[in-house]
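Single-letter residue listing:
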Amino acid sequence: MPELPEVETIRRGLEPLLAGRRITTFETREPRLRWPVPTELAQQLAGARVQTLSRRAKYLLLETDRAGILLHLGMSGSLRHCTPGTPLRRHDHLILHLDNGYQIRLHDPRRFGCCLPLPSDDTLHPLLADLGPEPLAPEFDADYLFQRSRGRRSAVKAFIMDQAIVVGVGNIYATEALFLAGIRPGRAAGRVTRAEYDRLAVHIRTVLATAIEQGGTTLRDFLREDGTHGYFRQSLRVYGRAGEPCHVCNSVLRTRRIGQRASSYCPTCQK
Ligand code: ZN
């Protein structure tokens, strides 16, 4: 599943290829994504000039001088930039034809992704309305986490993975950040101290920023005509390593289930 760093990598790769280009045709080959792709998008986008490609959480927002679209890659979606001669693949559901002859194709075998119109005024799309801050935005810090967590009995890991608290902290990043901050994933969020949230906020930012930085090196892959984009090879300290020794203290890493997800941790380094 594309995580926030991958979506940001895709955005950075695609924006220079799209900004200022005119969309000649918006072609829907399969409208049955998570929600049906509205038929009027084709008319609204034909001839539109792309202004920006931005990101909010794992949504990509493509804005043009006529209409905007909200894209989500779901579980298995990818976008590729290719020449018109590139053979169509099964699951290439949407094609943006650009005025320089290139195409952007949305490929999504499981069809959990979406492509919806953005409201034309300044109102937020309902899918974006209840999202917490971006983890790399200035308003996301220890104070914020501390205030929001008071009185909460849910596990701190579930708390930081809640999109209404902060967006884009997927299982891998939550697991790694909690290890780096020395906090056990199952502790009640309301019992985590201010000093611990200081460390946690810093490490959430660092693991995500590092993944985005490393994403730069996978841009080549994303631009490849086969559309594959490699997953981040950030060295993982605890994620997926239950039963193996901790790199810091050599204790055997443990795992427990929190909110349906396996959560590995070090019984010695994490309190
Ligand atoms: Zn350890």
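Just so it is clear, the model here is predicted, and its values are computed rather than measured.

Asks: For the coordination of the zinc ion, give the residues involved together with the corresponding values.
Replies: Within the first shell, the zinc ion binds the protein through Cys 246 (SG), Cys 249 (SG), Cys 266 (SG) and Cys 269 (SG), at distances of 2.2 to 2.4 Å. For the zinc ion, the four donor atoms in the first shell make angles of 97 to 113 degrees at the metal, a pattern classed as tetrahedral. Positions of the donor residues of the zinc ion along the chain correspond to the pattern C-x2-C-x16-C-x2-C. Within this pair, whereas Cys 249 is found in the loop between helix H8 (219-223) and strand E9 (254-258), its partner Cys 269 is found in the segment after strand E10 (261-265), the two being separated by 20 residues in sequence.

Asks: Tell me about the pattern of salt bridges, and name the residues and values.
Replies: Scanning all chains against the criterion turns up 16 salt bridges. Put simply, Arg 11 and Glu 15 hold a salt bridge, and the shortest N to O gap is 3.3 Å. On the criterion of helical spacing, the pair formed by Arg 11 and Glu 15 is a turn pair, its members being four residues apart in helix H1 (residues 4-18). Residue Arg 11 is classed as buried on the basis of its relative accessible area of 16%.

Asks: Which residues make up the packing of H1 against helix H7 (residues 194-215), and what are the values?
Replies: Viewed as axis vectors pointing N to C, H1 and H7 meet at an angle of 40 degrees, and their least axial separation amounts to 9 Å. Of the possible angle classes, the one that applies to H1 and H7 is oblique. The two elements H1 and H7 cross, and the hand of that crossing is right-handed. Contacts between H1 and H7 involve Leu 4, Pro 5, Glu 8, Thr 9 and Arg 12 from the former and Leu 208, Ala 211, Ile 212 and Gly 215 from the latter. For the contact of H1 with H7, the per-class residue count stands at five nonpolar, two polar and two charged.

Asks: So what about unusual backbone geometry? Which residues, and what values?
Replies: Positioned with a positive phi, Arg 111 is a non-glycine residue whose angle comes to about 55 degrees. Secondary-structure assignment places Arg 111 in the loop between strand E7 (103-107) and strand E8 (114-117).

Asks: So, the environment of Pro 245: which residues are in play, and what are the values?
Replies: Along the chain, Pro 245 turns up in the loop between H8 and E9. Overall, the relative accessible area of 40% leaves Pro 245 in the partly exposed class. Spatially, the C-alpha atom of Pro 245 lies 32 Å from that of Arg 152, the residues being 93 residues apart in sequence. Setting aside residues no more than four positions away along its own chain, Pro 245 makes contact with Asn 250, Ser 251, Val 252 and Leu 253.

Asks: An account of the sheet that holds strand E6 (residues 92-98) is needed here, citing residue identities and associated values.
Replies: Reading across the sheet, the four strands line up as E1-E6-E7-E5 and stay open at both edges, with antiparallel pairing between neighbours. In this open sheet, the two strands that pair with only one neighbour each are strand E1 (23-28) and strand E5 (78-82). Averaged over neighbouring strand pairs, the angle between their axes works out to 15 degrees when direction is ignored. Here E1 runs beside E6; their pairing, made up of five bridges, is antiparallel. Bridged to Glu 27 within E6 is Ile 95.

Asks: An account of the side chain of His 125 is needed here, citing residue identities and associated values.
Replies: Mapped onto the fold, His 125 is located in the loop between E8 and helix H3 (126-129). If we ignore the near neighbours within four places in the chain, the residues touching His 125 are Leu 70, Leu 116, Pro 117, Leu 118 and Pro 119.

Asks: Describe helix H6 (residues 171-181), listing the residues and the values that go with them.
Replies: In terms of burial, H6 is a largely internal element, nine of the 11 residues being buried. Looking at the buried side of H6, the elements it contacts are H1, helix H5 (156-160), H7 and E10. Remark: Gly 182 follows H6 within two positions and exhibits a positive phi of approximately 75 degrees.

Asks: Go over a nonpolar patch on the surface, please, and point to the residues and values.
Replies: Where nonpolar side chains cluster on the molecular surface, the patch consists of Met 1, Met 75 and Phe 112 and spans about 260 Å² of accessible area. For Met 1, the position within the fold is in the segment before H1.

Asks: With reference to specific residues and values, describe the sheet that holds strand E4 (residues 68-72).
Replies: By definition, the strands of a sheet pair up through backbone hydrogen bonds, in either a parallel or an antiparallel sense. Judged by pairing direction, the sheet is antiparallel, and its four strands sit side by side in the order E2-E3-E4-E8 without closing on themselves. Sheet topology places strand E2 (50-56) and E8 at the edges, where each strand pairs with a single neighbour. Along the sheet, successive strands turn relative to each other by an average axial angle of 20 degrees, direction set aside. As judged from the five bridges shared by strand E3 (residues 59-64) and E4, these two strands associate in the antiparallel manner.

Basis of the calculations
- Residues numbered from 1 in each chain as written.
- Predicted model: local features only at pLDDT ≥ 70, side-chain atom pairs only at ≥ 80, totals over all residues.
- Heavy atoms only, no water.
- Donors = N, O, S within 2.8 Å, 3.2 Å for Na, K, Ca; no water.
- Tetrahedral: all angles 85-135°; square planar, octahedral: opposite > 155°, others 65-115°.
- Helix = DSSP H or I, 4+ residues; strand = E, 2+ residues; numbered from the N terminus.
- Salt bridge = Lys/Arg side-chain N within 4 Å of Asp/Glu carboxyl O.
- Buried < 20%, exposed > 50% of the residue type's maximum accessible area, 1.4 Å probe, protein only.
- Axes fitted to C-alpha atoms, helices over the stretch in contact; angles between N-to-C directions.
- Parallel < 35°, antiparallel > 145°, perpendicular 65-115°, else oblique.
- Left-handed = near helix turned anticlockwise from the far one by under 90°.
- Contact = heavy atoms within 4.5 Å.
- Nonpolar A, V, L, I, M, F, W, Y, C, P; charged D, E, K, R; others polar.
- Pairing = 2+ DSSP bridges.
- Patch = residues over 30% accessible without salt bridge, like charges linked within 9 Å, V, L, I, M, F, W, Y side chains within 5 Å.
- Areas by Shrake-Rupley, 256 points an atom, 1.4 Å probe, with all protein chains shown as cover.

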